[in-house]
Structure formats: structure tokens, C-alpha cells
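Observations on chain architecture
What follows is the residue order along each chain.
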Amino acid sequence: MYHQAVFDEPLILDIKGRRTLKIPHEGEKFSAEIPGVMAREKLEIGDREEFSVIRHYVKLSEMNFGVDTGFYPLGSCTMKYNPKINDEIANLEGFRMIHPLQDSNDVQGALKLLYELTGFLKKITGMDEITLQPLAGAEGEFTGLSIVRAYFECKKELNVRREVVVPDSAHGSNPASSHMAGFDVVQIPSTEDGTVDLEKFKEAVTEKTAAFMITNPNTLGIFEDKILEMANYAHSKGALLYYDGANLNGIMTKTTPAKMGFDIVHLNLHKTFSTPHGGGGPGSGPVGVVEKLKDFLPYPLLTYDGKYHIDYVPPKTIGKVASFYGNFGVLVRAWTYIKMMGEEGLRDACESAVTNSNYMRKKIQEFMPVPGKTIKKHEFVASSNGPNMPKAGDIAKHLIDNGVHAPTIYFPLIVPEALMIEPTESATKAEMDLFIEKVREALKIPHEIFEKEPVNLKVTKIDDVDASKNPRPTVRMMKKLGEFKQQVI
Ligand SMILES: *Cc1c(COP(=O)(O)O)cnc(C)c1O
């Protein structure tokens with residue numbers, strides 16, 4: 001069980017310390033020649049001793065929870081353990097100090113790594129070519145949909161194919177990136193069993209459809225078993241199929257998006273293929289495509305002719321989607337992870353993740369509805385929507401207050417009071433049992449307790465509505481509004 005350390009820690013700039021470093025201050029002149037336009041009038045650097053700075057950051061880290069602290073069952077996030085060897089390799093000087101403008105002759109090792117990673121991802125997805133450029137899953141989606149756009153523009157069908165069909169269980173980024181890429185979003189409902197309603201799907205997919213975009217297993221953790229029928233139907237209408245492969249833990253090594261009939265795939269290396277993530281980064285969302293879409297990929301692509309090159313410009317490229325070659329450090333981590341695991345390791349991770357998920361699903365189902373088909377893949381969604389049941393948000397706060405990290409809540413949108421649970425392969429039976437026990441306990445406690453929780457944390461009850469309607473994300477904004485309580489030690 002995790003207990004957050006609670007410190008009254010001020011901002012680093014508000015910690016008063018002994019001056020140990022001679023740095024120019026307000027009013028003092030820099031001796032270095034800094035061009036006028038670049039020189040700042042005021043330099044906001046404090047003068048704390050090293051030990052004050054270290055203590056400050058260590059305290060902050062002790063107030064934090066991460067995959068190295070404990071079980072972290074956030075659904076649709078794949079918060080798995082990230083082997084430390086990944087960081088060791090990414091920190092090798094040759095990788096860490098590399099510069100993207102170096103001559104390719106001098107960085108053959110790095111290019112070989114990128115080339116090999118591309119090969120691994122081709123095998124895992126079944127796609128014919130891959131770009132490693134996108135810096136996140138959502139950017140991968142935008143890249144993939146820009147390729148859809150360019151493809152139909154090239155075929156002179158873009159004026160008719162205006163729509164992307166998306167199930168109502170989709171991750172919010174799917175309709176968002178479709179819209180950003182200039183398409184209209186057509187949403188289709190799911191049936192009681194949690195899979196796409198085939199009849200409604202056939203009504204929605206027409207000659208106006210540019211792409212059908214889906215994640216499989218879907219966000220309920222259910223494998224869409226009619227996927228081949230859907231793929232054939234969408235193809236028969238001339239549409240492309242987009243696979244949101246952010247979470248591949250449930251299928252990797254068992255099947256591929258290519259086998260399911262998809263034309264475009266994005267992966268989240270920062271989920272399935274390790275790399276610590278959260279708080280906005282760092283990420284990597286490579287995009288794979290089938291042969292007929294290769295020419296539209298972002299440039300440059302890697303090639304090999306006895307030597308590695310990174311200057312190939314596909315003839316109909318959509319352009320660049322990120323500077324240089326993507327988030328190199330994340331790519332090194334993913335390469336290391338896949339190389340260390342091997343096919344057998346990835347299969348084992350897949351099987352363990354699915355087994356863990358179904359173990360928890362079966363236990364939780366004893367006291368809480370788990371909608372949709374019984375057998376789930378890497379995750380499942382329970383619904384705290386029965387009579388006299390607490391709200392999902394209250395359960396989450398109760399868990400956190402009791403030293404257990406909460407699952408994802410209120411997503412997917414089609415399940416009321418959703419608790420989306422993804423244990424991943426990195427969970428022990430004891431951790432899963434404790435989680436289950438704490439959820440069971442939450443269902444029994446009197447409602448008044450929820451009104452007060454959480455009580456054991458640094459940040460207690462917050463006003464969710466105010467926080468999302470009037471966000472004050474920076475200290476500067478809070479100071480302006482007079483809401484920031486300065487604590488000077
Ligand atoms: C996480 C996720 C995304 C978005 O990925 P980001 O890297 O956060 O942009 C898209 N689809 C699904 C199913 C996801 O779980």
C-alpha cells in the first residue's frame with residue numbers, strides 16, 4: 001500500500017537559501033557579451049545550496065506516484081513496468097549526445113537501431129512501411145488521417161469522401177484527429193455486448209466514407225470478432241481502415257492489424273513498448289501503412305544498401321510531422337525493450353496482461369456489473385451504476401486515500417460510472433487482490449465518508465467543475481488572481 005508523503009513544500013524560487021553561486025542579479029551587469037535582444041532584464045534563478053535543491057526535488061518525488069511505486073491500473077494507458085535497462089541504453093553517450101544534423105556516415109549505429117526498430121514494428125503490425133516521426137498517439141492519428149486525405153486527393157475522390165466513421169466506444173482523440181484532418185465524424189453505436197452494431201455500421205459506411213477508424217480490442221477490452229466482415233465491407237465501399245494501436249498488449253504476437261484487414265496503424269511506443277509516460281510526455285506514435293500508401297508517408301524515411309541512409313523522400317509525401325526523426329530517446333527505449341523481450345517475451349507479456357485482466361474482471365464481477373461480452377482482453381470496464389452504488393469518482397478517491405492507485409474513470413463514455421481497469425503484465429496477485437478488496441470496501445462505506453475523502457493526501461477535495469471550467473494551470477496565473485498561498489521556509 002502506498003502512502004503519499006505530505007510536505008508543505010514551497011516553490012523552488014521561494015526557498016530562501018545561502019548564496020553559493022555568483023550569478024548576476026537584477027541591476028548587475030553581465031560581463032559576457034550577450035546580444036541586447038537576447039539578454040533578459042531579470043533572471044529568475046534562485047541561489048539555493050545544492051542540498052536545498054536536491055531536498056526540494058526528492059520531496060516532490062516522494063509526493064508522487066509512478067509505475068516504480070506500485071500497481072497502476074489506468075485503463076487505456078498501459079502503465080506497465082519499464083525495465084531500467086531501457087534507460088541505461090538510451091543514456092549511452094553515443095545516443096544521448098547525438099545530433100540530428102550529424103553526417104549519416106558518423107551515426108550508422110543509431111540509424112541501424114532505427115532501421116531495426118522499423119523492422120520489429122513491421123513484423124508486430126504486419127504493415128509494409130513505418131514512419132517513426134510522430135511524437136504521440138494522437139499525432140500518429142493525425143499523420144495517418146492526413147495520409148488518408150492525401151490518398152483520396154490523389155484519386156480525386158476527396159470532394160466526395162468527407163467522412164470518417166468512428167464507434168461510440170472510441171478514444172476521444174479519434175474523432176478529434178479526424179476533425180483536425182478535415183473530415184466529418186460519423187459516430188456509430190455499440191450493441192449490448194459491447195461491440196460495433198454491424199447493421200448501423202453498414203448504414204454508416206458508404207461511398208462518402210474516407211476511413212473507418214477503430215481500436216481492437218476496443219476500449220471495453222472486447223475483441224471485435226466481426227472485424228473481418230467490417231473490413232471487407234468498408235473496402236468494398238472504397239474506404240480505408242485505420243487501426244488505433246495505442247494499446248497492443250492484448251494482441252501482440254497473436255495477430256496483427258494487417259491480418260484484420262487494416263491499411264493504417266499507429267502504435268503508442270510509450271504504452272505497449274515501455275518508456276515512462278504521463279504528464280504530457282515523452283511519447284512516440286509511429287505509423288505503419290500498407291504498400292499502396294507508402295508513397296504518402298512523412299519524409300525522410302530510412303533506407304539500407306549496405307549502409308544506412310535517412311534521406312528518402314516518398315514521392316507523394318504529406319510532408320514532415322515532427323522535426324528530424326521523432327523522439328529518439330523513446331525509440332531507443334522501445335528498441336531495447338523489444339530486443340530484450342524477444343517474440344517469446346512479448347507473447348508472455350500479452351498472455352499475462354490478458355490473464356491478469358480476466359482474473360480481476362471475474363472477481364470484480366461478483367459485486368459490480370461489467371458490461372459487454374464476458375471474456376476481455378488486456379482491460380475491462382466495470383460500471384458503478386447500480387442502485388445505492390457510489391459514484392465512480394468517489395470510488396477512485398477512496399482508493400487513492402487508502403494507498404491504492406485508482407483506475408481510469410468516466411471513460412469510455414458509453415458506460416455510465418465507468419471504472420476502466422488495466423492491470424498489465426506488471427502486477428502481482430497480491431496487488432490485484434488488494435485493489436479488488438478496496439473497491440469492494442468502497443461499495444460498503446456510508447455515503448458521508450465520500451463527502452470528505454480524500455483526507456490523507458496533500459491535495460484533498462478539489463472542485464472538479466471549477467478546475468475544468470476555470471483552469472489556473474500556472475503559479476503565475478494563481479499569483480495574479482491572488483490565489484497562491486506563498487509558503488516561505
Ligand atoms: C492513449 C491513447 C491514444 C492517444 O495517445 P497519446 O499518446 O496520448 O496522444 C489514442 N487511442 C487510444 C486507444 C489510447 O489509449
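Below you will find a few notes about this structure.

Reading the values: the criteria
- Residues numbered from 1 in each chain as written.
- Predicted model: local features only at pLDDT ≥ 70, side-chain atom pairs only at ≥ 80, totals over all residues.
- Heavy atoms only, no water.
- Helix = DSSP H or I, 4+ residues; strand = E, 2+ residues; numbered from the N terminus.
- Buried < 20%, exposed > 50% of the residue type's maximum accessible area, 1.4 Å probe, protein only.
- Polar contact = N/O pair within 3.5 Å; in protein donor to acceptor, adjacent residues only side chain to side chain.
- Core = buried A, V, L, I, M, F, W, Y, C linked by side-chain atoms within 4.5 Å.
- Contact = heavy atoms within 4.5 Å.
- Expected span 1.5 Å × (residues − 1).
- Arc of directions from axis to C-beta.
- Phe/Tyr/Trp six-rings, centres within 6.5 Å; stacked < 30°, edge-to-face > 60°.
- Lys NZ or Arg CZ within 6 Å of the ring centre and 35° of its normal.
- Pairing = 2+ DSSP bridges.
- Axes fitted to C-alpha atoms, helices over the stretch in contact; angles between N-to-C directions.

**With respect to the side chain of S177**
- Assignment of secondary structure puts S177 in helix α6 (residues 173–180).
- Overall, S177 belongs to the buried group, its relative accessible area being 4%.
- In terms of polar contacts, S177 uses its side chain to reach the side chain of E141, at 2.5 Å.
- Within the structure, S177 has its side chain in polar contact with the backbone oxygen of S173 (distance 2.5 Å).

**What to know about the nonpolar core**
- L114, L117, L121, V148, F201, F273 and L293 are the most contacted members of the largest nonpolar core, which has 77 residues in total.
- When sequence neighbours within four positions are dropped, the list of residues in contact with L293 reads I147, Y151, L240, D263 and I264.
- In terms of nonpolar packing, the next biggest core, distinct from the first, is built from 22 residues, A382, V404, I421 and I436 among them.

**Thoughts on helix α11 (residues 429–444)**
- The end-to-end C-alpha distance of α11 is 23 Å, a good match for the 22 Å that 16 residues give at a rise of 1.5 Å each.
- Buried within α11 are the following residues: M432, F435, I436, K438, V439 and A442. Summarising the axial view, the buried residues of α11 lie within an arc of 160 degrees, below the 170-degree limit, and thus occupy one face. Exposed side chains of α11 directed beyond 90 degrees from the buried face belong to K429, A430 and K444.
- Elements that come into contact with the buried residues of α11 comprise α9 (328–364), α10 (392–401), β12 (418–421) and α12 (447–452).

**Points about the packing of aromatic side chains**
- As enumerated under the stated definition, the model contains 13 aromatic pairs in all.
- For the pair F95 and F328, a centre-to-centre distance of 5.8 Å together with 65 degrees between the ring planes defines the contact as edge-to-face. With F95 in helix α3 (residues 93–96) and F328 in helix α9, this pair connects stretches of sequence that are 233 residues apart. Accessibility classification places F95 together with F328 in one group, the buried group.
- Ring centres of Y243 and F262 lie 4.9 Å apart, and the angle between their planes is 75 degrees; this geometry places the pair in the edge-to-face category. You can see Y243 sitting in strand β5 (residues 240–245) and its partner F262 sitting in the loop between β5 and β6 (264–267), a full 19 residues away along the chain. Across the pair, exposure class does not vary: Y243 and F262 are buried alike.
- Its guanidinium or amino end placed over the ring of F7, K59 lies 5.5 Å from that ring's centre, counting from NZ or CZ.
- We note K320 situated over the ring of Y299; from NZ or CZ to the ring centre the distance is 5.4 Å.

**Brief notes about the sheet that holds β6**
- In spatial order, the strands read β1-β7-β6-β5-β4-β2-β3; together these seven strands make up an open sheet with mixed pairing. Single-partner strands in this sheet number two, and they are β1 (129–131) and β3 (184–188). Ignoring strand direction, the axes of neighbouring strands in this sheet form an average angle of 20 degrees.
- Both β6 and strand β7 (residues 287–289) contribute to a ladder of three bridges, which runs antiparallel. Bridging from a neighbouring strand, V265 pairs with G288 of β7.

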